[in-house]
Amino acid sequence: MTQRALDSSGEQTPGPSRPAMIDAGAELDPVHPMEPPPPPHRPDGLSTAEVAERVARGEVNDVPVRSSRSVTEIVRANVFTRFNLIIGVLWVIMLFVAPIQDSLFGFVIVANTGIGIIQEWRAKKTLDSLAVIGEAKPTVRRDGVAAEISTSEIVLGDLVELGPGDKVVVDGTVAEADSLEIDESLLTGEADPVLKRAGDPVMSGSFVVAGGGAFTATKVGREAYAAQLAEEASRFTLVHSELRSGISTILKYVTWMMVPTAIGLIISQLVVKDNNFKDSVARTVGGIVPMIPEGLVLLTSVAFAIGVVRLGRKQCLVQELPAIEGLARVDVVCLDKTGTLTEGGMDVTEVRPLNGSDEAYVKEVLRTFGASDSRPNASLQAIIDAYPQGDGAAWTVTDAMPFSSARKYSGAAFEEADGTASAWLLGAPDVLLSEDDATLTEIEHLNQQGLRVLLLARVRGDLNAPGAAAGAAPTALVVLEQRLRPDAGETLAYFADQNVATKVISGDNAVSVGAVAGKLGLAGAENTLDARRLPTDPDEMATAMEQNAVFGRVTPQQKRDMVAALQSRGHTVAMTGDGVNDVLALKDADIGVSMGSGSEATRAVAQIVLLNNSFATLPSVVAEGRRVIGNITRVATLFLTKTVYSVLLAILVVCTQVEYPFLPRHLTLLSTLTIGVPAFFLALAPNKERAQPHFVRRVMRYAIPSGIIAATATFTTYLVARHYYSGEGALEAETSAATLTLFLVSMWVLAIIARPYTWWRIGLVAAMGLGFLIVLVVPWLQDFFALKLVGAPMPWTAVGIAVAAAALLEFTWRWVGRRFGM
């Protein structure tokens, strides 16, 4: 599982205990600690009785997997907010000094908070259930039988088997090692694999990059190192989110504006004006409450939560909520060919003997080679399927060299039926052959057809001798056909249509990868580059990355460098992959996407896991992110327009020393009809607009002029009404006229934001207008909301001012759109 801690700015930081444990010296080194003597190796593992005994003693790996916040944390996060505290205090005051209708804003906040809790709880359930589905099941040997079990069922002393891509789930000591290489970069930051031998310690959180073996569990549960980190950094910690950080910035400035304005309003209404005390308190609160964009944070959380639920139904596990937003902002997607564009399986289509080799002999070598690796990769599995080993195999394996993505080949040594010893390498032809070898021309033709070619070469000396690969004699070509994913072509077309550049990065031959990409319709698939010729200078590498679409023979470290090079040019990069060689790049990419069938290590570092192993799910994630970003940008403008006009109205009231025109009930009604209800529907509507950067700037470009226009029009109506009405009931009539203007202007803002119109958007705007009309004509609602239009001249004047303001709004929005772009 991912262990990330974030500081307040959203940047990743190590957990507080990590520096102390890693840097304090050898005695506290978490990766190579001072260990007691290793436990005795028991090849058969524990017995059933011993397992039961350890479970009874509590020596079991019972650390709960936390994929989301607990219910208590969800409730606390939604209830105990700064603005809920302010509104709560004001609500209590209003309950004592004013009628219940002036306290409606408090009930609205309770309802909003409840909705937020329910939606995030639904998202939690989805996350937790998907996390269980996607959980790795380590292979444990008990009573001499290897079986997959849940991570939580491992007990102290269990013998856990390891193979390429497996994650070390608990701390232990190596009991068996077969060229076992462990990557400890998730713990130490060092990317170079560490060769492990029997007796060496292994730490939870590391993973296997090559070879295999088994280790004895020495620390389980909360004593394991990874579990200690998990206690400090919950899975729920968030990647950087421009949306969340932007809203936090807005709320910070709102607070700065709100505090002095509210103080001035309190002094103005309670000290300067000699009004009824309770009425003054009510109008003061009525001026403060609408300054708070309380529903904006709620709607953002709800939009993310519903996005998680929607994607969960498509078997997409979003491990960090704003990853939905992140993928929608991506402009470059780096794809690993194997497992992404192609399915995991391959088929042997042909074996071509070289240099006069006997075909039957070659097939016997391949048949025995298949038995040399207990955890074969896809290529070797295809060979095993094509040439299965019989029961009475005459050849035996005497040594083996597991495949490594860094070497690009694997090896095995045999004792043949006649007692002859031989050693063989199987791997990338362009790595094992010299550049001027004529065989490469033949291989090039096969690669151009999208076929994958492996070279079988005989080692002249010992398998593990230095330079064994350089002196190996080419013996045969093994031609493999890869199975294309049927939906990959449509997905590539989707990204091209959305102006998202696609880069195929693979460890295979570049021409072969380009041919596969070309079959799937990737634009620029003919622009291939062998990564061995890739410049090391970051700027030159970035240029090469932008000019080419397909890269072959890429090492794991190069994948990481390529991601960094693209990021240095301002690109937002997503990386997909399923193998151990993708882990480093997945960690560094802005968004890491792993296949559910991929290695545990890739699933651990990825923000998004496609549990159905379908690359075609990515467009759904992009669409969900665009829906969230586009819609929250829209509704944020609604909320912040209200904040701007509320602050400006309060300032105008303080400067002119008049009564604040509204009671809380008026603004509760306006907020519900022009912001609350429509914002909820608009935030969840489909939206395919490409995500744009600079969220705060884009929102404020529209919110500030809209708020100024709304406040100016409303205050103008209020001042005109103050001169028009006099006597008893004048203040209520003035308030009603001002409310009418503010409602009509706010409705025009809503009408602009609801574009482009569909039938339901038109219906939504019309329904809100009808709701206000009903309040104006139904007597008991008039009394309840203290809204009654008196006479004809003043209400029509209010309408005229609102129409003029709407025309100015329309002009301003169009000008801003032309000047700065939507």
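Structure's up top.
Here goes a summary of the coordinates provided. (Residues numbered from 1 in each chain as written. Predicted model: local features only at pLDDT ≥ 70, side-chain atom pairs only at ≥ 80, totals over all residues. Heavy atoms only, no water.)

**A closer look at the overall build of the protein chain**
Phase 1 of the analysis: Assigned secondary structure in the protein chain consists of 28 helices and 23 strands.
Phase 2 of the analysis: In the protein chain, which comprises 822 residues, the proportion classed as buried is 56%.
Phase 3 of the analysis: Excluding contacts between residues fewer than 6 apart, the proportion of contacts in the protein chain whose partners are at least 24 apart in sequence is 72%.
Phase 4 of the analysis: Surface accessibility of the protein chain: about 33,300 Å² in total, with carbon and sulfur atoms responsible for 58%. (Helix = DSSP H or I, 4+ residues; strand = E, 2+ residues; numbered from the N terminus. Buried < 20%, exposed > 50% of the residue type's maximum accessible area, 1.4 Å probe, protein only. Contact = heavy atoms within 4.5 Å. Areas by Shrake-Rupley, 256 points an atom, 1.4 Å probe, with all protein chains shown as cover.)

**Focus: the environment of Ile86**
Phase 1 of the analysis: By the secondary structure assignment, Ile86 is in helix H4 (residues 82-97).
Phase 2 of the analysis: Taking relative accessible area as the criterion, Ile86 reaches 25% and is therefore assigned partly exposed.
Phase 3 of the analysis: Residues Ile86 and Ile292, 206 residues apart in the sequence, show an inter-C-alpha distance of 9.0 Å.
Phase 4 of the analysis: Not counting chain neighbours up to four residues away, the residues in contact with Ile86 comprise Met258 and Ile292.

**Comments concerning the nonpolar core**
Phase 1 of the analysis: Ile632, Val635, Phe695 and Phe772 are the most contacted members of the largest nonpolar core, which has 87 residues in total.
Phase 2 of the analysis: Looking at this core element by element, the count peaks at 12 residues for helix H22 (residues 618-656).
Phase 3 of the analysis: When near neighbours in sequence (up to four residues on either side) are disregarded, Ile632 contacts Leu243, Ile247, Leu299, Thr300, Ala303, Ala683 and Phe695. (Core = buried A, V, L, I, M, F, W, Y, C linked by side-chain atoms within 4.5 Å.)

**Focus on the pairing of strand E15 (residues 421-427)**
Phase 1 of the analysis: Most of E15 is tucked away: six of the seven residues are buried.
Phase 2 of the analysis: As paired elements, strand E14 (residues 409-415) and E15 share seven bridges and run antiparallel to each other. Directly across from Ala413, in E15, lies its bridge partner Ala423.
Phase 3 of the analysis: Hairpin remark: E14 followed by E15, antiparallel, with five residues in the connecting loop; positive phi at Gly419, about 90°.
Phase 4 of the analysis: Pairing analysis gives five bridges linking E15 to strand E16 (residues 452-459), with the strands arranged antiparallel. (Pairing = 2+ DSSP bridges.)

**Some remarks on the packing of aromatic side chains**
Phase 1 of the analysis: Per the counting criterion, the structure on display carries 14 aromatic pairs.
Phase 2 of the analysis: With 6.1 Å between their ring centres and 50° between their planes, Trp395 and Phe414 make a pair best called tilted. With Trp395 in the loop between helix H13 (378-386) and strand E13 (396-404) and Phe414 in strand E14, this residue pair connects regions lying 19 residues apart in the sequence.
Phase 3 of the analysis: Both rings, one in Tyr702 and one in Trp813, keep their centres 4.4 Å apart while their planes meet at 35°; by these two values the pair is tilted. Taken together, the residues span a long stretch of sequence, with Tyr702 in helix H24 (residues 695-724) and Trp813 in helix H28 (residues 793-820) at a distance of 111 residues. (Phe/Tyr/Trp six-rings, centres within 6.5 Å; stacked < 30°, edge-to-face > 60°.)

**Concerning the side chain of Asn447**
Phase 1 of the analysis: Position of Asn447 relative to the elements: it lies in helix H15 (residues 439-448).
Phase 2 of the analysis: Under the relative-accessibility criterion, Asn447 is labelled buried at 3%.
Phase 3 of the analysis: Not counting residues up to four positions away in its chain, the partners in contact with Asn447 are Val453, Asn509, Val511, Ser512 and Ala515.

**Observations concerning a nonpolar patch on the surface**
Phase 1 of the analysis: A cluster of nonpolar side chains, namely Val71, Val75, Val79, Phe80 and Trp121, defines an oily patch on the protein surface of about 450 Å² accessible area.
Phase 2 of the analysis: Along the chain, Trp121 falls in helix H5 (residues 104-133).
Phase 3 of the analysis: Taking the relative accessible area as the measure of exposure, Trp121 reaches 39% and is therefore partly exposed. (Patch = residues over 30% accessible without salt bridge, like charges linked within 9 Å, V, L, I, M, F, W, Y side chains within 5 Å. Salt bridge = Lys/Arg side-chain N within 4 Å of Asp/Glu carboxyl O.)

**Side note on the sheet that holds strand E21 (residues 573-577)**
The strands that make up a sheet pair up through hydrogen bonds in the backbone, lying either parallel or antiparallel.
Phase 1 of the analysis: The strand order across the open sheet formed by eight strands is E10-E23-E22-E21-E11-E18-E20-E19, and the pairing between neighbours is mixed. Looking along the sheet, the strands with just one partner apiece sit at the ends: strand E10 (316-318) and strand E19 (528-530). Going from strand to strand, the sheet's axes swing by 20° on average, the running direction of each strand aside.
Phase 2 of the analysis: Where strand E18 (residues 501-505) meets strand E20 (residues 550-552), two bridges bridge the pair, whose relative direction is parallel. Bridge pairing links Val504 to Val550 in E20. (Axes fitted to C-alpha atoms, helices over the stretch in contact; angles between N-to-C directions.)

Everything listed is a geometric property; what it means functionally is a separate question.
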